[in-house]
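Listed below are the residues making up each chain.
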Amino acid sequence: MTVLADRFGRIATDLRVSLTDRCNLRCTYCMPAEGLAWMPQPEQLTDDEVSRLVRIAVEQLGVTEVRFTGGEPLIRRGLVGIIAAAAKLTPKPKLSVTSNGIGLDRIAISLKEAGLDRVNVSLDTLDPARFHTLTRRDRHSDVLAGLRAAAEAGLTPVKINTVLMRGVNDDEAPALLRFALDHGYQLRFIEQMPLDAQHQWDRHVMVTAEEILAALEPFALQPDDVSRGTAPAETWLIPGYTDAAGQPARVGVIASVTRPFCGDCDRTRLTADGQVRNCLFATDESDLRKLLRGGATDDRIAEAWRAAMWGKRAGHGIDDPTFLQPARPMSAIGG
Ligand code: SAM
Ligand code: SF4
């Protein structure tokens, strides 16, 4: 097997697959209120096309972990079938979904039975009114129901992703952590990144990892004894707490902006229209859909995927004066 290597010695084993660019929320840091010009249906990969690319990634390119995301992956009708197909691969990849949690209460058991291992659910506030302001939809209770259902279905550890925004929800870090600890969820704070469709990200307004950790001082966090490896989250132990599995409880911070981890990146990304992206912040893409629909063999597709990864840049370059935000927003790349 020839793996997905790049010129800097990194090997991509973690595949993020976006299943749709559509979403039932309108988080202010992600999308404008009116939504976006959605991808036309014929441009989106079919379920079989997605499954074929996931199979090539696992069988021919050494991918060991697949996360389905979007947009909102739970609104993709074929999701359970796509998970089931991925779960039948040998060796079976670790399978997870990143979701806003809406509708998870209805589908969690089917996802588990199909072979899904875990979910990450995004939740930025414990206050329903604030949730409405932040997401422009009144669905807070649906997200909480989704979290509960995921834990009950055994999609564990259930992780919560939180983005803090200054003056909006940055006073909630301790309360969110307490909520996560009380329910056995693992909380990870994500620094806001310049990937919003509106191009309104402002480095000086963004809540930094340092500020997040300062807000968590009451928990007397301790450095973690487990190596971070290629994981994006830096984790801390929370003295006096254990998680749902009885292990020491941890909290994570994904400091993509202020403490970039590009040197250890093991990601490769596939958009819902079949483009390989070698980085969230890449400004170019490689078209696998054209190959798929042009009758290319698995070997030819694998070769194009390898070539796409070889060109990966050393880092995202957010601090570089020449940095250009990618044309696709986070919701269309797959976060
Ligand atoms: N809709 C799903 C969700 O919200 O979990 C999956 C897609 S969403 C793009 C994936 C993750 O990206 C979410 O946790 C969301 O909070 C995060 N996200 C979206 N825009 C972001 C931004 N500009 N900076 C940092 N994280 C962002
Ligand atoms: Fe939708 Fe997720 Fe973007 Fe929120 S962050 S608008 S839930 S894709």
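Residues numbered from 1 in each chain as written. Chains lettered and ligands numbered in written order. Predicted model: local features only at pLDDT ≥ 70, side-chain atom pairs only at ≥ 80, totals over all residues. Heavy atoms only, no water.

- The name recorded for the protein chain in an unreviewed UniProt entry is GTP 3',8-cyclase, from Actinoplanes lutulentus.
- Check the Sequence similarities (unreviewed entry) section of the UniProt entry for the protein chain; it says "Belongs to the radical SAM superfamily. MoaA family."
- Per its UniProt entry, the protein chain bears the Subunit (unreviewed entry) comment "Monomer and homodimer." (UniProt positions renumbered as here; feature names shortened; annotations may be inferred.)

Comments concerning the UniProt feature "binding site: S-adenosyl-L-methionine" (unreviewed entry) in the protein chain
Line of reasoning, step 1. Within this numbering scheme, the UniProt entry marks Y29, G71, S122 and M193 as carrying the feature "binding site: S-adenosyl-L-methionine" (unreviewed entry).
Line of reasoning, step 2. Positionally, Y29 belongs in the loop between β3 (14-18) and α1 (47-61).
Line of reasoning, step 3. If you trace the backbone, G71 turns up in the loop between β4 (65-69) and α2 (79-87).
Line of reasoning, step 4. Among all residues touching G71, those that are not within four sequence positions of it are T20, D21, R22 and S331. (Helix = DSSP H or I, 4+ residues; strand = E, 2+ residues; numbered from the N terminus. Contact = heavy atoms within 4.5 Å.)

Focus on the packing of aromatic side chains
Line of reasoning, step 1. Using the criterion set out here, one finds 2 aromatic pairs in the structure.
Line of reasoning, step 2. Ring centres 5.9 Å apart and planes at 50° place the aromatic pair F179 and Y185 in the tilted group. (Phe/Tyr/Trp six-rings, centres within 6.5 Å; stacked < 30°, edge-to-face > 60°.)

Comments concerning the nonpolar core
Line of reasoning, step 1. V54, F68 and W305 are the most contacted members of the largest nonpolar core, which totals 104 residues.
Line of reasoning, step 2. Ranked by residues supplied to this core, first place goes to α1 with 7 residues.
Line of reasoning, step 3. Setting aside chain neighbours within four positions, we find F68 in contact with V17, L19, V54, P73, I82, I83, A86, L95, S96, V97 and T98. (Core = buried A, V, L, I, M, F, W, Y, C linked by side-chain atoms within 4.5 Å. Buried < 20%, exposed > 50% of the residue type's maximum accessible area, 1.4 Å probe, protein only.)

Some words on a nonpolar patch on the surface
Line of reasoning, step 1. Taken together, M1, V3 and I11 make up a surface patch of nonpolar side chains, about 280 Å² in accessible area.
Line of reasoning, step 2. Looking at the secondary structure, you find I11 in strand β2 (residues 11-12).
Line of reasoning, step 3. Judged by its relative accessible area of 42%, I11 is partly exposed. (Patch = residues over 30% accessible without salt bridge, like charges linked within 9 Å, V, L, I, M, F, W, Y side chains within 5 Å. Areas by Shrake-Rupley, 256 points an atom, 1.4 Å probe, with all protein chains shown as cover. Salt bridge = Lys/Arg side-chain N within 4 Å of Asp/Glu carboxyl O.)

Concerning the site of ligand 1
Line of reasoning, step 1. Close contacts around ligand 1 come from 18 residues, with Y29, G71, E72, S122 and M193 the closest.
Line of reasoning, step 2. S99 has a polar backbone atom sitting 3.2 Å from an oxygen atom of ligand 1.
Line of reasoning, step 3. A distance of 2.6 Å separates an oxygen atom of ligand 1 from a polar atom in the side chain of S122.
Line of reasoning, step 4. With the chains in place, 96% of the 540 Å² that ligand 1 exposes on its own is no longer accessible.
Line of reasoning, step 5. Of all the secondary structure elements, the ones that give two or more residues to the shell around ligand 1 are β5 (94-99) and β7 (159-163). (Near = heavy atom within 4 Å. Polar contact = N/O pair within 3.5 Å; in protein donor to acceptor, adjacent residues only side chain to side chain.)

Observations concerning the packing of α1 against helix α9 (residues 298-310)
Line of reasoning, step 1. The N-to-C vectors of α1 and α9 enclose an angle of 75°; their axes lie 10 Å apart at closest approach. As the angle between them shows, α1 and α9 are arranged roughly perpendicular. Listed contacts from α9 to R52, L53, R55, I56, A57, Q60 and L61 of α1 are D298, D299, I301, A302, W305 and R306. (Axes fitted to C-alpha atoms, helices over the stretch in contact; angles between N-to-C directions. Parallel < 35°, antiparallel > 145°, perpendicular 65-115°, else oblique.)

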